[in-house]
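One letter stands for each residue in the lines below.
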Amino acid sequence: MHKLLLFTLVTLSCVLAKAQTTAKPDPSPPGAPKAIKTALAQQIDQRATTLTNLSDSIWGFAETAFEETRSAEALIAYAEANGMTVKRNVGDLATAFTAEYGSGRPIIGILGEFDALPGLSQNTVATKDPINEGAPGHGCGHNLFGVASLAAAIAIKEQIESGRLKGTIRFYGTPAEEKYFGKVFMARAGAFDDLDACLDWHPGAETHAAVQSNLSLVDFIVEYRGQAAHAAADPWNGRSALDAIELMGVGINYQREHLRPTTRIHYQILNGGAVVNVVPDYARAWVRVRDPKRTEMVRVYERVQEIARAAGQMADVTPEISLVSGVWELLPNRAGGVAMQKNLESLGAITYSEEEQAFAKTIQRSTGKPEIGLNMKIEPLEPTAELGDGGSTDVGDVSWIVPVTRLSVTTAPDGTPWHSWAVVACGGMSIGHKGMLYAAKALAMTGADMLADPKLLQAIKDEFKTRKGDTKYEALLPEGPPRITGS
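Figured I'd write up the structure that's included with this text. (Residues numbered from 1 in each chain as written. Predicted model: local features only at pLDDT ≥ 70, side-chain atom pairs only at ≥ 80, totals over all residues. Heavy atoms only, no water.)

## With respect to the overall build of the chain
Consideration 1: Scanning the chain for helices and strands turns up 14 helices and 13 strands.
Consideration 2: Seen through its C-alpha atoms, the chain measures out along the principal axes to roughly 115 × 55 × 45 Å.
Consideration 3: Out of the 487 residues in the chain, the part that is buried amounts to 56%.
Consideration 4: Restricting the contact set of the chain to residue pairs at least 6 apart, pairs at least 24 apart contribute 81%.
Consideration 5: Total accessible area on the chain stands at roughly 21,300 Å², and carbon and sulfur atoms take up 53% of it. (Helix = DSSP H or I, 4+ residues; strand = E, 2+ residues; numbered from the N terminus. Buried < 20%, exposed > 50% of the residue type's maximum accessible area, 1.4 Å probe, protein only. Contact = heavy atoms within 4.5 Å. Areas by Shrake-Rupley, 256 points an atom, 1.4 Å probe, with all protein chains shown as cover.)

## Notes on the packing of aromatic side chains
Consideration 1: Under the defined criterion, the tally for this structure stands at nine aromatic pairs.
Consideration 2: Plain terms: the ring middles of Phe97 and Phe171 are 5.8 Å apart, the flat faces sit at 50 degrees to each other, and that makes the pair tilted. Of the two residues, Phe97 is situated in strand S2 (residues 97–102) and Phe171 in strand S4 (residues 168–174); the sequence distance between them amounts to 74 residues.
Consideration 3: The class for Phe97 is buried, based on a relative accessible area of 0%.
Consideration 4: Ring centres 5.0 Å apart and planes at 50 degrees place the aromatic pair Trp328 and Tyr473 in the tilted group. A residue pair is termed long-range when its members are at least 10 positions apart, and Trp328 in the loop between strand S12 (318–327) and helix H9 (334–347) and Tyr473 in the segment after helix H14 (454–468) qualify at 145 residues.
Consideration 5: Within the aromatic cluster, the residues linked to one another by ring pairs are Phe66, Tyr180 and Phe185.
Consideration 6: The ring of Tyr101 is capped by Lys157, whose NZ or CZ atom sits 5.2 Å from the centre of that ring.
Consideration 7: Taking the ring centre of Trp328 as reference, the NZ or CZ of Arg294 above it sits at 3.4 Å. (Phe/Tyr/Trp six-rings, centres within 6.5 Å; stacked < 30°, edge-to-face > 60°. Lys NZ or Arg CZ within 6 Å of the ring centre and 35° of its normal.)

## Side note on the side chain of Thr410
Consideration 1: Tracing the backbone through its elements, the reader meets Thr410 in strand S13 (residues 404–410).
Consideration 2: Taking relative accessible area as the criterion, Thr410 reaches 0% and is therefore assigned buried.
Consideration 3: A distance of 3.4 Å separates a polar side-chain atom of Thr410 from the backbone nitrogen of Glu206. (Polar contact = N/O pair within 3.5 Å; in protein donor to acceptor, adjacent residues only side chain to side chain.)

## Concerning the nonpolar core
Consideration 1: The biggest cluster of nonpolar side chains holds 74 residues, and the ones touching the most others in it are Ile156, Trp201 and Leu407.
Consideration 2: Grouped together as the second largest cluster of nonpolar side chains are 38 residues, Phe66, Ala176, Leu330 and Trp400 included. (Core = buried A, V, L, I, M, F, W, Y, C linked by side-chain atoms within 4.5 Å.)

## Remarks on the state of the cysteines
Consideration 1: Taken as a whole, this structure holds zero disulfides when the rule is applied.
Consideration 2: Cysteine Cys140 shares no disulfide, and the gap to the nearest cysteine sulfur, in Cys426, comes to 13 Å.
Consideration 3: Residue class for Cys140 comes out buried when judged on its relative accessible area of 7%.
Consideration 4: We note that Cys198 lacks a disulfide partner, and the nearest cysteine sulfur, in Cys140, lies 18 Å from it. (Disulfide = S-S within 2.5 Å.)

## Some thoughts on the packing of helix H2 (residues 34–46) against helix H13 (residues 430–452)
Helices that pack against each other are described as a pair by the angle of their axes relative to one another and the distance between those axes.
Consideration 1: Packing of H2 against H13 brings their axes to within 9 Å, and their N-to-C directions diverge by 150 degrees. In terms of orientation, H2 and H13 fall into the roughly antiparallel class. Of the two elements, H2 crosses H13, and the hand of that crossing is right-handed. Residue-level inspection shows Ile36, Lys37, Leu40, Ala41, Ile44 and Asp45 of H2 in contact with H13, the latter providing Leu437, Ala440, Lys441, Ala444, Met445, Ala448 and Asp449.
Consideration 2: Looking at the contact of H2 with H13 residue by residue, the classes come out as nine nonpolar, no polar and four charged. (Axes fitted to C-alpha atoms, helices over the stretch in contact; angles between N-to-C directions. Parallel < 35°, antiparallel > 145°, perpendicular 65-115°, else oblique. Left-handed = near helix turned anticlockwise from the far one by under 90°. Nonpolar A, V, L, I, M, F, W, Y, C, P; charged D, E, K, R; others polar.)

## Examining the pattern of salt bridges
Consideration 1: Under the counting rule described, the total for this entry stands at 24 salt bridges.
Consideration 2: As a salt-bridge pair, Asp200 and Arg406 come within 2.6 Å of each other at their nearest N and O atoms. Taken together, the residues Asp200 in strand S5 (residues 197–204) and Arg406 in strand S13 connect sequence positions 206 residues apart. Residues Asp200 and Arg406 agree in their burial class; the two are buried.
Consideration 3: Residue Glu463 pairs with Arg467 through a salt bridge whose shortest N-O separation is 2.8 Å. Of the two residues, Glu463 and Arg467 both sit in helix H14, four residues apart, roughly one turn of that helix.
Consideration 4: What makes Glu463 buried here is its relative accessible area of 15%.
Consideration 5: Judged by its relative accessible area of 34%, Arg467 falls in the partly exposed class.
Consideration 6: If you follow the salt bridges from partner to partner, you end up with Glu100, Arg170 and Asp194 in one network. (Salt bridge = Lys/Arg side-chain N within 4 Å of Asp/Glu carboxyl O.)

## Description of the packing of helix H3 (residues 48–61) against helix H4 (residues 69–81)
Consideration 1: Where H3 contacts H4, the axes come no closer than 9 Å and their chain directions differ by 165 degrees. Overall, the two elements H3 and H4 adopt an arrangement that is roughly antiparallel. Crossing of H3 against H4: the hand is right-handed. Residues Thr50, Leu51, Leu54, Ile58 and Phe61 of H3 touch H4, and the partners they reach there are Arg70, Ser71, Ala74, Leu75 and Tyr78.

## Examining the sheet that holds strand S6 (residues 208–210)
Consideration 1: As summarised here, the arrangement of the seven strands in space is S1-S2-S4-S3-S5-S13-S6, forming an open sheet in which the pairing is mixed. Two strands in the sheet have a free side with no partner beyond their single neighbour: strand S1 (85–88) and S6. Taking each pair of neighbouring strands and ignoring which way they run, the sheet shows an average axis angle of 25 degrees.
Consideration 2: With six bridges connecting them, S2 and S4 associate as antiparallel partners. Residue pairing in the sheet places Thr98 in a bridge with Tyr172 of S4.
Consideration 3: Of the strands in this sheet, S2, strand S3 (107–113), S4 and S5 are in contact with helix H5 (residues 142–161), which crosses S3 at around 155 degrees.
Consideration 4: The strands touched by H13 within the sheet are S3, S4, S5 and S13, with S5 carrying the most contacts at an inclination of about 165 degrees. (Pairing = 2+ DSSP bridges.)

Written as structure tokens, this is what we have:
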């Protein structure tokens, strides 16, 4: 009995030893090798001056939605100078383009924005001081956004060119995020359909892998046409279009009590008459509805349209409602977020000089915020909430077509009002520049992980399929080119 047991144990040991010596090692290491990531960071550091100058040029151009001609051309010229193949007029948008290098799969995209906001002109000083009163400014840091994303794509391109990575890298120059949502037009044209995964970042007040959703949105214009008349001599002959706008506003505001707490409605009167002594025969408002869930947003959108038509009946004027554009809520991807978080921790936090912290605290003082300076931490990866909040972005549409891994990087002080002169000031000086270079490295490293690690890419794709379920993406757009509304 003892001999039989001993023989069995010896035999089993030999089998296990043979299995261990003949088993093949896992051919897919976790992520890209450290040497590649080091090279990517070095490539970006070597270009720091050029990238900073490019960002500052776009900061100075400060071009708004669909007018970003010089900004787009500057990015295109830099992409072509670095050996990337450029495709223009993507989605029939004059300032939309792609810059690509490589062949075969995986195909990894990186999104880049470059549009400014109206009325935010500002010098690179820590108190409000417009360069040109009323002119545009980069109050959302998009001068940093597009440059960092392109820098990451070029760094990856060089690793593909050297043979250290395989696949295709594609940069997307995406215009008009702030107003008309250029990515939606690009999505409708199928520009993202062949991607395996996509990367995106945004300037912010802290550094973290972004794994939260946000708000879906719809924009539409309500116009009324009535009858002009003298406001004093014969107002009874007039039918006021402005009355209808005001009645619509009353209806919307009474509706708010009966909306879910997560729903938002904004409106702006674009035209309300030219002079006070004429009953206005034309009036126009821009209306926006948001909600964390697109289905609820669409329901409220339909209700507000009913209110708008009813207001026209009450004022005895003719209503016209025109869809401008809309965006879907973001579909988070935690598998990509985990990979991004590891790269942030590998890079370490951004450090700021005493002068930069003093600049930040002066901005906080100027805007009535606590003087705590710049956030120099890498925030931990958060749990993904069921409902998103905050703002909206056309990146949401892309995220329902292909899995998107997202990143926020500090480029302005804690508490800084976004879409304000304070963000413009930081984006044109070293605080913004440091964040831009840091974002480029994090994007490049995570993109390299996706190209080098099939298991990671598959996990990202699997999560995307699970979260998306049976939902079919359809762009929320009218037929034809963008409707330019003015403001």
